[in-house]
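# Reading the structure
Residue strings, one per chain:
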Amino acid sequence: MKNKLNIIIVIQARMGSKRLPGKSLKLLLGQPMLARLINNIQGANLVNKIVVATSDKSVDDDIQNLCIKLNIDCYRGSETDVLSRFIDVSKIYKADLLVRLTGDNPFVEKSLIDFMLETYLKHYNDYDYIHNVENSGFPYGLYVEIFTNSALFKANITKDELDREHVTRYFKCNTHDFRIGLVKAKRKYKYSHLTVDTNDEFMEAENIL
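What comes next is a walk through the structure. (Residues numbered from 1 in each chain as written. Predicted model: local features only at pLDDT ≥ 70, side-chain atom pairs only at ≥ 80, totals over all residues. Heavy atoms only, no water.)

## Description of the pairing of strand 8 (residues 145–148)
A two-sided burial pattern is seen for strand 8, the buried positions comprising Glu 145 and Phe 147 on one face and Ile 146 and Thr 148 on the other. Bridging between strand 6 (residues 97–102) and strand 8 involves four bridges; their strand directions are antiparallel. Note that in strand 8 the partner of Val 99 across the bridge is Ile 146. Relative to strand 8, strand 7 (residues 129–131) is paired through three bridges, and the arrangement is antiparallel. Across the sheet, the residue bridging to Tyr 129 is Phe 147, located in strand 8. (Buried < 20%, exposed > 50% of the residue type's maximum accessible area, 1.4 Å probe, protein only. Helix = DSSP H or I, 4+ residues; strand = E, 2+ residues; numbered from the N terminus. Pairing = 2+ DSSP bridges.)

As structure tokens, this is what we get:
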């Protein structure tokens, strides 16, 4: 499928998780979880660039060091205002479409991103935001969110701290202002939960792998 849009994957990641400190670089079967995600998604057909967006706190220096090692762009910004990180990345890389991933969802891979982007371009190319999150039939954590640069900048008016922390919350809370599409799974999945936010979930992820 031909595409002229500049599509940027932005992975938000940090080390300061309260429930599982250092989880982004925790070794998942010998490989940092963030590195595993990056390796999984490299080569997605329609993507122009992968950028890791982390905080400017010293605790996240090691995330930047991993990006340097993997030759992946890294942007550092506000720890709590994650929306501003996405805004800055969009400006720097002149994105048309942004694909939002999180570093604690290590099972996302390029075939899913290809599916979501192809679905967007074929069925939702005039939409502001599409996702496979709530009520989609996809396992919790096997999530991809896609939104336009213009929708992102429209959301930037919000001063709500939760909106600033949870990048796409503003879209979901203001459905009258955005065209939103839900992409549903076409198959049933063996696992219902594929995110890593606690030590128990980490051990389960190792078992699944």
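Once you've had a look at it, read on.
## Some details on the sheet that holds strand 9 (residues 180–182)
Taking strand neighbours across the sheet as the criterion, the seven strands line up as 5-4-1-6-8-7-9 in an open arrangement whose pairing is mixed. Edge positions in the sheet fall to strand 5 (73–77) and strand 9, since each of these pairs with one other strand and no more. Going from strand to strand, the sheet's axes swing by 20° on average, the running direction of each strand aside. Along the sheet face, helix 1 (residues 33–41) touches strand 1 (7–12), strand 4 (49–55) and strand 6 and points at about 165° away from the line of strand 1. Sheet contacts for helix 3 (residues 82–93): strand 1, strand 4, strand 5, strand 6 and strand 8; angle to strand 1, the most-contacted strand, approximately 150°. (Axes fitted to C-alpha atoms, helices over the stretch in contact; angles between N-to-C directions. Contact = heavy atoms within 4.5 Å.)

## A few points about the packing of aromatic side chains
Each aromatic ring pair is described using two quantities: the centre-to-centre distance and the angle formed by the ring planes. Scanning all chains against the criterion turns up nine aromatic pairs. Where Phe 86 meets Phe 147, the ring centres are 6.2 Å apart and the plane angle is 45°; that geometry is what we call tilted. Remark: Phe 147 occurs in strand 8 and Phe 86 occurs in helix 3; sequence separation between them is 61 residues. With 5.0 Å between their ring centres and 45° between their planes, Tyr 129 and Phe 171 make a pair best called tilted. In this pair, Tyr 129 sits in strand 7 while Phe 171 sits in helix 7 (residues 169–173), placing the two residues 42 residues apart along the sequence. Take Tyr 129 and Phe 171: they sit in the same class, and that class is buried. Clustering of aromatic rings is evident, with ring pairs tying together Phe 86, Tyr 129, Phe 147, Tyr 170, Phe 171 and Phe 178. Residue placement shows Lys 26 over the ring face of Phe 202; its charged tip is 4.7 Å from the ring centre. The ring of Tyr 189 carries the charged tip of Arg 187 above its face, separated from the ring centre by 4.4 Å. (Phe/Tyr/Trp six-rings, centres within 6.5 Å; stacked < 30°, edge-to-face > 60°. Lys NZ or Arg CZ within 6 Å of the ring centre and 35° of its normal.)

## Side note on the packing of helix 1 against helix 2 (residues 61–70)
Look at helix 1 against helix 2: their axes get within 11 Å of each other, and the N-to-C directions meet at 35°. Read as a crossing pair, helix 1 and helix 2 show a hand that is right-handed. In contact with Leu 34, Ala 35 and Ile 38 of helix 1, helix 2 contributes Ile 63, Leu 66 and Leu 70. (Left-handed = near helix turned anticlockwise from the far one by under 90°.)

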